[in-house]
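# Observations on chain architecture
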Amino acid sequence: MENFQEQLKNRRTFAIISHPDAGKTTLTEQLLLHGGVIREAGTVKGRGSNKLASSDWMAIEQQRGISVTSSVLQFDYEGKRINILDTPGHEDFSEDTYRTLMAVDSVVMVVDAAKGIEPQTKKLFEIVSQRGIPVFTFFNKIDRDARPALDLVDELESILGIQAYPMNWPVGSGQILQGIYDLQKDALVPFKNASDHPEVVSEAMDEIELLRDAGNEFDADKIAHGKLTPVFFGSALVNFGVTEFLREYLTYAPAPAAVTTVDDQAITPDSPQFTGFVFKIQANMDPRHRDRIAFVRIVSGEFDRGMDVTLQRNGKKLKLSNVTQFMAEERENVQTAVPGDIIGVYDTGNFQIGDTIYAGKKSVQFPDLPTFTPELFNRVIAKDVMKQKSYHKGIEQLVQEGTIQLYKSWNGGDYIIGAVGQLQFEVFQFRMENEYNVEIQFEPIGSKVARWIKPEELDEKMGSSRNLLVKDRYDAPVFLFENKFALNWFHDKYPDVTLEEKM
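Please read these numbers as outputs of a predicted model, since none were measured by experiment. The numbers attached to residues start from 1 for each chain and follow its sequence in the written order. In keeping with the predicted nature of the model, local features appear solely for residues at pLDDT of at least 70, side-chain atom pairs appear and are counted solely at 80 or more, and the whole-chain, interface and lining totals rest on all residues. Side-chain metrics in this entry use all non-hydrogen atoms of the structure; hydrogen atoms and water are not considered.

Glancing now at the overall build of the protein. Helix and strand assignments come from DSSP, with helices taken as H or I runs of at least 4 residues and strands as E runs of at least 2, each series counted from the N terminus. Helices and strands together make up the secondary structure of the protein, namely twelve helices and 30 strands. Burial status follows relative accessibility: with a 1.4 Å probe on protein chains alone, a residue under 20% of its type maximum counts as buried, one over 50% as exposed, and anything between as partly exposed. The buried share of the protein, reckoned over its 503 residues, is 55%. Surface exposure here means Shrake-Rupley accessible area, sampled with a 1.4 Å probe, where a residue is shielded only by the protein chains that are shown. Put simply, the protein shows about 22,100 Å² of open surface, and 47% of that area lies on carbon and sulfur atoms.

The structure is reproduced here in structure tokens:
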């Protein structure tokens, strides 16, 4: 039991969020380098190089140099077991990111020091702040010309509404970068090959004096509740400032915390009962084996390979014998795991996103994970009618992953795919061709306003040319309105009917 408590204390589970191109994947690589998991960091954008980022494992990610899935990466560093959930960097995949953020205890926000807070960072931060998750900020790329550090910190506070506390401070940037000043140790960490610019050092020391006089007080409690963000400066690409960041992060980032159930019971990590929830499902992580993995965040108790659990949604009993942990696409069978850890359960179709699993007789149910209302819709058709079996299997599996949503026409068999952004359709098409060997074509039906209606309030005559009646994957009725005007017209005509929107 003492060993269990020790392991609990040493778990750190976090996600990295950023706007595309701020350097999230590069920072992830450097952290893996520190953990001894990889020997060299391969930047995604290394033109002419065969190296690819360890966390971007899907073929389309490697081609496009973007993250479109959340991978899970685990390593040990200075006595701590670190689980990084590498979230999608593209805005079209905000739904996948949102669910991933439900499975972490803290967040690292990477910001390009030349650009400051960008739209996607702001959007993701709003999700994080709603949950009160601790946020650690890393201003990246200071080896290039960056905006004044005081401006960047001020922007954090004014745009995101979170107090900032610099843990280190840049001394110059770009060509005249001298290093970073470690405010905890009161010492300069020099940048290699820095040319001598005493005036830059003098200016930085004046700014540090100003921070000490007029800046925010350090407050560990505010950090723990997401009210104050420790701020770091560095460059992931040249591995500068990353060690200092990791050291301080591990000092102040929280170990796993309690999770509240649907009936307001707080399940603490040290509770002896094993519980967890599925926050992600991924098909074909290994295309050779056509596998499907449910990612489970352990909330309480200890996982032992071969243990029996109950799937809360349907009461089904399952034996967890084929379970892995991850280093991007590398996997190893796991014997035991503790709260904070992410395990991958090989799945033959039992799991859905948001499922709760538990051991023992006492039923536990964690809240559902959110789904977004799609904004873009396409009819989807298989080009080769002889490949119907693969076509249906591919659609079913990719829909269960939650990156796209499936609808069917009310009185016909047409498949309609809904997504938050255009890239999701491209990824869907790419994966259908590459993983299921099925060519598909889209018939765009454009941007729609989707609203769910209670079955008992539905009259099929309510459907018209301006609001297409369809079923979602659970056969619940949904109207796809042409636009907001059509939606308002419907409200006026049927004032007693309740329409529901997802997030």
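Before going further, it helps to spend a moment on a negative patch on the surface. Patches in this entry comprise residues that are over 30% relatively accessible and not in a salt bridge; like charges within 9 Å are linked, as are nonpolar side chains (Val, Leu, Ile, Met, Phe, Trp, Tyr) within 5 Å. Here a salt bridge means any side-chain nitrogen of Lys or Arg lying within 4 Å of a carboxyl oxygen belonging to Asp or Glu. Under this rule, positive means Lys or Arg and negative means Asp or Glu; His and the chain ends count for nothing. The location of each charge is read from NZ of Lys, CZ of Arg, CG of Asp or CD of Glu. Taken together, the side chains of D196, E199, E203, D206, E209 and D213 make up a negatively charged region of the molecular surface. Relative to the helices and strands, E203 resides in helix α7 (residues 198-214).

So, on to the sheet that holds strand β28 (residues 467-472). Strand pairing in a sheet relies on backbone hydrogen bonds, with the paired strands running either antiparallel or parallel. Judged by pairing direction, the sheet is antiparallel, and its eight strands sit side by side in the order β26-β23-β25-β24-β28-β29-β27-β30 without closing on themselves. Two strands bound the open sheet, and with one partner strand each, they are β26 (440-447) and β30 (499-500). For two strands to pair, DSSP has to find at least two bridges joining them. Bridge count between strand β27 (residues 449-453) and β30: two bridges; the pairing is antiparallel. Bridging from a neighbouring strand, W452 pairs with E500 of β30. Its contacts with the sheet put helix α11 (residues 422-436) on β23 (376-382), β25 (415-419) and β26, and the angle it makes with β26 is roughly 165°. Here, residues are in contact when the closest pair of their heavy atoms is within 4.5 Å. Angles here are taken between N-to-C directions and fall from 0 to 180 degrees, while the axes themselves are lines fitted to C-alpha atoms, restricted in helices to the stretch in contact.

Positive phi, normally seen in glycine, also occurs at E78, with a value near 45°. Take E78: it is sitting in the loop between β2 (71-77) and β3 (80-86). For E78, a relative accessible area of 61% corresponds to the exposed category. Its identity as a non-glycine residue notwithstanding, D264 has a phi of 65°, on the positive side. Given a relative accessible area of 65%, D264 falls into the exposed group.

Here we take up the pattern of salt bridges. All told, the structure shown has 18 salt bridges when counted by the stated rule. The partner of D414 in a salt bridge is R379, and the shortest N-O contact between them spans 3.5 Å. Of the two residues, D414 is situated in the loop between β24 (405-409) and β25 and R379 in strand β23; the sequence distance between them amounts to 35 residues. Looking at D414, the relative accessible area reads 40%, which means it is partly exposed. For R379, a relative accessible area of 23% corresponds to the partly exposed category. E439 serves as the salt-bridge partner of K383, at 3.6 Å between the closest nitrogen and oxygen. Highlighted residues: K383 in the loop between β23 and α10 (388-400) and E439 in the loop between α11 and β26, separated in sequence by 56 residues. In this structure, a network of salt bridges that share partners links the residues D182, R247 and E248.

For Phe, Tyr and Trp, where Trp contributes only its six-membered ring, two rings pair if their centres lie within 6.5 Å, and the inter-plane angle classes them as stacked under 30 degrees, edge-to-face over 60, or tilted in between. Tallied over the entire structure, the rule returns 22 aromatic pairs. Where F138 meets F245, the ring centres are 5.6 Å apart and the plane angle is 65°; that geometry is what we call edge-to-face. Placement of F138 in strand β5 (residues 135-140) and of F245 in helix α9 (residues 242-252) is noted, with a sequence separation of 107 residues between them. Here F245 falls in the buried class, since its relative accessible area comes to 1%.

This part covers helix α6 (residues 149-160). Residues spaced three or four apart along an α-helix face the same direction, because each turn holds 3.6 residues. For α6, which comprises twelve residues, the first-to-last C-alpha distance of 16 Å matches the rise-based estimate of 16 Å (1.5 Å per residue) to within 8%. Looking only at α6, the buried set comprises A149, L152, V153, E155, L156 and L160. Summarising the axial view, the buried residues of α6 lie within an arc of 155°, below the 170-degree limit, and thus occupy one face. Immediately beyond the C-terminal end of α6, within one or two residues, lies G161, with a positive phi of roughly 70°. The span one expects for a helix is its residue count, reduced by one, times 1.5 Å. Relevant arc is that of directions from the helix axis to the C-beta atoms, nothing else.

Right, let's talk about the packing of α10 against α11 for a bit. Relative to each other, α10 and α11 sit at 130°, their axes nearing to 10 Å. Classified by the angle their axes make, α10 and α11 are oblique. Where α10 crosses over α11, the handedness of that crossing is right-handed. Counted together, S390, Y391, K393, G394, I395, Q397 and L398 of α10 and F428, R431, M432 and Y436 of α11 form the full contact between these two elements. Throughout, the ten residues Ala, Val, Leu, Ile, Met, Phe, Trp, Tyr, Cys and Pro are labelled nonpolar, Asp, Glu, Lys and Arg are labelled charged, and all others, Gly among them, are labelled polar. Residue composition of the contact of α10 with α11, grouped by class: six nonpolar, three polar and two charged. Convention used here: angles under 35 degrees read as roughly parallel, angles over 145 as roughly antiparallel, angles from 65 to 115 as roughly perpendicular, and any remaining angle as oblique. Should the near helix be turned anticlockwise from the far one by less than a right angle, the crossing is left-handed, and should it be turned clockwise, the crossing is right-handed.

Okay, α11 next. Helix length check: α11 (15 residues) gives 21 Å between terminal C-alpha atoms against 21 Å at 1.5 Å per residue, within 8%. Buried within α11 are the following residues: L423, Q424, F425, V427, F428, F430, R431, M432, E435 and Y436. Immediately beyond the C-terminal end of α11, within one or two residues, lies N437, with a positive phi of roughly 60°.

So, about the confidence of the model for the protein. Averaged over all residues, the pLDDT of the protein is 87; the fraction at 70 or higher stands at 88%. Per-residue confidence from the prediction method is given by pLDDT, with values spanning 0 to 100. Scored below 50 in pLDDT, residues 43-52 makes 13 contacts in the model with residues more than four places away or belonging to other chains. Throughout residues 64-70 the model reports pLDDT below 50, and contacts reaching past four residues in sequence, or to other chains, amount to 39 contacts.

Here we take up the sheet that holds strand β9 (residues 187-190). Across the sheet, which stays open at both edges, the three strands sit in the order β7-β8-β9 with antiparallel pairing between neighbours. Edge positions in the sheet fall to β7 (168-171) and β9, since each of these pairs with one other strand and no more. Here the strands of the sheet are splayed against their neighbours by 30° on average, with no regard to which way each runs.

Here we take up the environment of L33. By the element assignment, L33 lies in helix α2 (residues 24-34). Here the alpha-carbon distance between L33 and F75, two residues 42 residues apart in the chain, equals 9.6 Å.

By the secondary structure assignment, V478 is in strand β29 (residues 477-481). Separated by ten residues in the primary sequence, V478 and L468 place their C-alpha atoms 8.2 Å from one another. With near-sequence residues (within four places) excluded, V478 lies in contact with Y407, A450, R451, W452, L468, L469, V470 and D472.

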